[in-house]
Amino acid sequence: MAELSRRRMLISGGALGAMGALAMASPAHAWTWSPQGSIAGAGAGADPRWVWDEEADQLLASLLDRGAIPEVNRLLWDWTRNDQPLPDGLPADLRDFMERARQLPSWADQSKLEVAAQFNKARGIYLNLCNGVGGGMLATAIPNEARAVYYSKGGADMEDRVAKTSIFGFAVGALNAYRPDGTCVVECVKTRLVHAAVRHLLQQSPHWDGDIPISQEDMLVTWHTLPTFAMRKMLEWQVPIKAAESAAYLHVWQVTAHLLGIRDEYIPATWDAANAQSDQILPRNMGPTREGVELTDILLSQLAEQTSPLSVSRPLCNALARYLVGDQVADWDGIRREPIWDPLIRSLWPRLVRFREGLVPLPLVPETAWIIDEAVRRYILFFLTKGQETKIEIPTANRPGS
């Protein structure tokens, strides 16, 4: 099946498709990351491109074929807290799976999770910017992810799709993320079920001509666009971070990866291991697509629209996105260059960071920098509010017309 999919991609993708497929198959892009660098410390070392989530995938395919998902979504609507029992009436096979899937791994460290919560609070503006705007722009430059989002049900309503993504992101960053009254376990398990449903459904779409979507590698790539990208940007911006905070921030995302169904043998144990893995798999998974360009335009239009009370224009949003992800990714995403805002953002953001960290006095920070800061706050607040009006649900179909 995998060989057939690769051959189909070569035939249908033209010169760019062939170049991309050959690049992924080349020795330079071979999987060499050692499981010794993982949280498990060992593993089979199989290429994660060809590994999925077997138990969840079989379960969701069965639930979809049985027509059980609408009732499951109804029953899970009010399942919101980590310590909350699963609702009565769930299919027995789903209940058994979810009871196992909601358990924290044996290596989870509650003290580190508490430090991570405080770090998320103290560094929230940077993390929200990197994970929200930056992560979104990186995601649309990942062909597998962009196409999976576009052709799945969520691609038809990106405002709702981003709101649901925000539910997950804010759950990870909450002070009570993994406490009994938190929601992170719930959102991770629900997201894992959604991923399994999307794998089953997208293969039925006439627009999907790739391999089975959302492999272990696809999930790892997305994971690296969040904590790994955010940590690298904060270090680049010279944000002061203590060693214990850095380790704790990695740990909360390690636990999250486990609950999302990523195998422990692929979850990096250290930042050095995470950076090495990111450097290996991001290059072989990134590039331009028509779907990615279209999704980027929608996301940036939303950002500009929701910050309109401050007269924050689309050109400023373009410049902010380009500053975060760099020229190559911005060009893949079709983000316009802004001759006025691009250099201004490059100059202002480091000053704003230095001010926020108490390294420079207020007079050196232009008022425009405060507009950027507040724009980010309003963007995140908007989608958080949207998140309170919707919940993560398992899809039963692909994008209408797909």
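Residues numbered from 1 in each chain as written. Predicted model: local features only at pLDDT ≥ 70, side-chain atom pairs only at ≥ 80, totals over all residues. Heavy atoms only, no water.

### Some points on the overall build of the protein chain
- Each helix and strand counted, the protein chain has 17 helices and 0 strands in total.
- Of all intrachain contacts in the protein chain linking residues separated by at least 6 positions in sequence, the fraction that spans at least 24 positions is 76%. (Helix = DSSP H or I, 4+ residues; strand = E, 2+ residues; numbered from the N terminus. Contact = heavy atoms within 4.5 Å.)

### So, the packing of helix α11 (residues 216-236) against helix α12 (residues 243-259)
- Close contact between α11 and α12 brings their axes to 11 Å; oriented N to C, the two are set at 175°. As the angle between them shows, α11 and α12 are arranged roughly antiparallel. Taken together, the residues of α12 that come into contact with α11 (itself represented by W223, L226, P227, A230 and M231) are S246, Y249, L250, W253, Q254 and A257. (Axes fitted to C-alpha atoms, helices over the stretch in contact; angles between N-to-C directions. Parallel < 35°, antiparallel > 145°, perpendicular 65-115°, else oblique.)

### A few points about unusual backbone geometry
- Located in the positive-phi region is I214, a residue other than glycine, with phi close to 55°.
- Look at I214 and you get buried, because its relative accessible area is 13%.
- Even without glycine at this site, Q238 takes up a positive phi of about 60°.
- Among the structural elements, Q238 can be located in the loop between α11 and α12.
- When its relative accessible area of 64% is taken as the criterion, Q238 is described as exposed. (Buried < 20%, exposed > 50% of the residue type's maximum accessible area, 1.4 Å probe, protein only.)

### Overview of the packing of aromatic side chains
- Counting across every chain of the model gives 10 aromatic pairs.
- Judged by centre distance (6.1 Å) and plane angle (75°), the rings of W31 and Y266 are edge-to-face. Residue W31 is found in the loop between α2 (14-25) and α3 (54-65), and its partner Y266 is found in the loop between α12 and α13 (271-281); the two are separated by 235 residues along the sequence.
- We classify W31 as buried; its relative accessible area is 12%.
- The exposure class of Y266 is buried, given its relative accessible area of 1%. (Phe/Tyr/Trp six-rings, centres within 6.5 Å; stacked < 30°, edge-to-face > 60°.)

### Concerning the pattern of salt bridges
- On inspection of all chains with the given rule, the structure shows 23 salt bridges.
- Among the ionic pairs, D327 bridges to R337, the shortest N-O distance being 3.8 Å. One end of the pair, D327, is in helix α15 (residues 314-332); the other, R337, is in the loop between α15 and α16 (341-356), and 10 residues separate them in sequence.
- A relative accessible area of 48% places R337 in the partly exposed class.
- Bridged by salt links that share partners, the residues D47, R49, E217 and R284 form one connected network. (Salt bridge = Lys/Arg side-chain N within 4 Å of Asp/Glu carboxyl O.)

### Notes on the environment of A163
- Within the secondary structure, A163 sits in helix α9 (residues 158-173).
- For A163 and I392, which are 229 residues apart along the polypeptide, the C-alpha to C-alpha distance reads 9.2 Å.

### Thoughts on the confidence of the model for the protein chain
- Mean pLDDT over the protein chain works out to 85, with 83% of the residues at or above the 70 mark.
- Counted against residues more than four places away or in other chains, residues 1-26, with its pLDDT under 50, gives 22 contacts.
- Overall, residues 383-387 carries pLDDT values under 50, and its contacts beyond four positions in sequence, including any with other chains, amount to 10 contacts. (pLDDT = per-residue confidence, 0-100.)

### A closer look at the side chain of D53
- You can see D53 is positioned in the loop between α2 and α3.
- Within the structure, the side chain of D53 is placed 2.7 Å from the side chain of R192, a separation counted as a polar contact.
- Those residues in contact with D53 that sit more than four places away from it in its chain are R192, R199, L260 and G261. (Polar contact = N/O pair within 3.5 Å; in protein donor to acceptor, adjacent residues only side chain to side chain.)

### Remarks on the side chain of E145
- Looking at where E145 falls in the secondary structure, it is placed in helix α8 (residues 143-151).
- For E145, a relative accessible area of 19% corresponds to the buried category.
- Side-chain polar atoms of E145 contact the side chain of T222, separated by 2.8 Å.
- In this structure, E145 is in contact with A139 and T222, ignoring residues within four places of it in sequence.

### Focus: the environment of G136
- The topology assignment puts G136 in helix α7 (residues 124-140).
- Under the relative-accessibility criterion, G136 is labelled buried at 15%.
- Taking C-alpha positions, G136 is 7.8 Å from L299, a pair spaced 163 residues apart along the chain.
- Once residues lying within four places of it in the same chain are set aside, the contact partners of G136 are N131 and L299.

### Details of α15
- Counted at 1.5 Å a residue, the expected span for α15 with its 19 residues is 27 Å, but the 18 Å between its end C-alpha atoms falls short.
- A maximum bend of about 125° is found in α15 at G326.
- A positive backbone phi angle near 75° is found at G334, which sits one or two residues after α15. (Expected span 1.5 Å × (residues − 1). Bend = angle between axes of the 7 residues up to and from the residue.)

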